Amino acid sequence: MTETVNQQEMQTSAESKPQVETKWYVLRVVSGKERKVKEYLDKEISRGGWSEIVKQVFLPVEKVYKVQNGKKVMRERNYYPGYVMVEVSEGKLGDDLREVIKNTNSVIHFLGKENPIALRKAEVNKMLGKMDEMAESGSMSMSEPFIIGETIKIIEGPFNDFNGIIEEVNDEKKKLKVTVKIFGRSTPVELNYMQVEKIS
């Protein structure tokens, strides 16, 4: 009996081994070059043997979709345009590593310039929490929101090819109440975001 207890204790103590504390730093980068910076930094870090020190180069993105030519086009949009986050083991952001990061193409500077400022725990948790929340809900936002009073084209369902006017927008359920003119009479119809497209 004591043996099994000891084994369990050993397991739990192994599992609850304190993880290395990390700090998150923010890089200001040329807008539109965030992905390139991340790729380049990932390469430099593994080439320089810093993989143990730099835990990750993180680019927070959200999925947005646009309806183009009757098709739903999904793409990723940077959640913080012009910024890339770097997670580094605490106290390990040495001068040489800082120089490599700073001298990477399209990196402007660290937040805090010569003395990089680490994000506070609460800020990191908020950022990561937001990303988790978006991933869990599988939430995708429209890159251009629908507006009440706007005319849209129906691209799916029994009213395919009709135009309608938005009366109500329910962002949570991704649904619209639209008034469609059928035989000269206004008829209210409920549609989801995927069944309509904006008229450009």
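Preceding block: the structure.
### A few points about the packing of aromatic side chains
Inspection of every chain in the model, using the stated rule, returns four aromatic pairs. Centroid distance Y25 to F110: 6.3 Å. Interplanar angle 90°. Geometry classified as edge-to-face. Of this pair, Y25 sits in strand β1 (residues 22-29) while F110 is found in strand β6 (residues 107-110), placing the two residues 85 residues apart along the sequence. Note on F146 and Y193: the rings are 4.9 Å apart at their centroids and 65° apart in plane angle, and the pair reads as edge-to-face. With F146 in the loop between β7 (140-142) and β8 (151-154) and Y193 in the loop between β11 (185-192) and β12 (196-198), the pair connects residues that are 47 residues apart, well separated along the chain. Across this residue pair, the class does not change: F146 and Y193 are buried. A cation over a ring is seen here: R28 above Y83, with NZ or CZ 4.9 Å from the ring centre.

### Concerning the sheet that holds β11
Strands sit in the order β11-β10-β9-β8-β12 across an open sheet of five strands; the sheet is antiparallel. The sheet is open, and its two borders are formed by β11 and β12, each paired with just one other strand. Ignoring which end each strand starts from, the neighbouring axes of this sheet average 45° apart. Where strand β10 (residues 175-182) and β11 come together, eight bridges link them in antiparallel fashion. Among the inter-strand pairings, V178 is bridged to a residue of β11, identified as V189.

### Remarks on the side chain of E87
Along the chain, E87 turns up in strand β5 (residues 83-89). Despite its burial, E87 remains without a salt bridge, the nearest opposite charge being carried by K121 at 7.8 Å. A polar contact of 2.8 Å, which involves the side chain of E87, links it to the side chain of T22. When near neighbours in sequence (up to four residues on either side) are disregarded, E87 contacts T22, K23, W24, I53, V54, K55 and Q56.

### Points about the sheet that holds β5
The strand order across the open sheet formed by four strands is β2-β5-β1-β6, and the pairing between neighbours is antiparallel. Across the chains shown, the open sheet's two edge strands, defined by having one partner strand only, are β2 (54-58) and β6. With direction set aside, neighbouring strand axes in the sheet form an average angle of 25°. Relative to β6, β1 runs antiparallel, the two being bridged by three bridges. Its bridge partner lying in β6, L27 is registered against F110. Against the sheet, helix α2 (residues 34-47) engages β1, β2, β5 and β6, with an angle of about 165° to β2. Set on the sheet, helix α3 (residues 95-102) makes contact with β1, β2 and β6; between it and β6 the angle comes to about 145°.

### Thoughts on α3
Considered for burial, the residues of α3 that qualify are L97, R98, I101 and K102. When α3 is viewed along its axis, its buried side chains cluster within an angular range of 130° and face the same direction. Its buried side turned inward, α3 meets β1, α2, β2 and β6.

Cut-off values and rules
- Residues numbered from 1 in each chain as written.
- Predicted model: local features only at pLDDT ≥ 70, side-chain atom pairs only at ≥ 80, totals over all residues.
- Heavy atoms only, no water.
- Phe/Tyr/Trp six-rings, centres within 6.5 Å; stacked < 30°, edge-to-face > 60°.
- Helix = DSSP H or I, 4+ residues; strand = E, 2+ residues; numbered from the N terminus.
- Buried < 20%, exposed > 50% of the residue type's maximum accessible area, 1.4 Å probe, protein only.
- Lys NZ or Arg CZ within 6 Å of the ring centre and 35° of its normal.
- Pairing = 2+ DSSP bridges.
- Axes fitted to C-alpha atoms, helices over the stretch in contact; angles between N-to-C directions.
- Lys, Arg positive; Asp, Glu negative; His and termini not counted.
- Salt bridge = Lys/Arg side-chain N within 4 Å of Asp/Glu carboxyl O.
- Polar contact = N/O pair within 3.5 Å; in protein donor to acceptor, adjacent residues only side chain to side chain.
- Contact = heavy atoms within 4.5 Å.
- Arc of directions from axis to C-beta.

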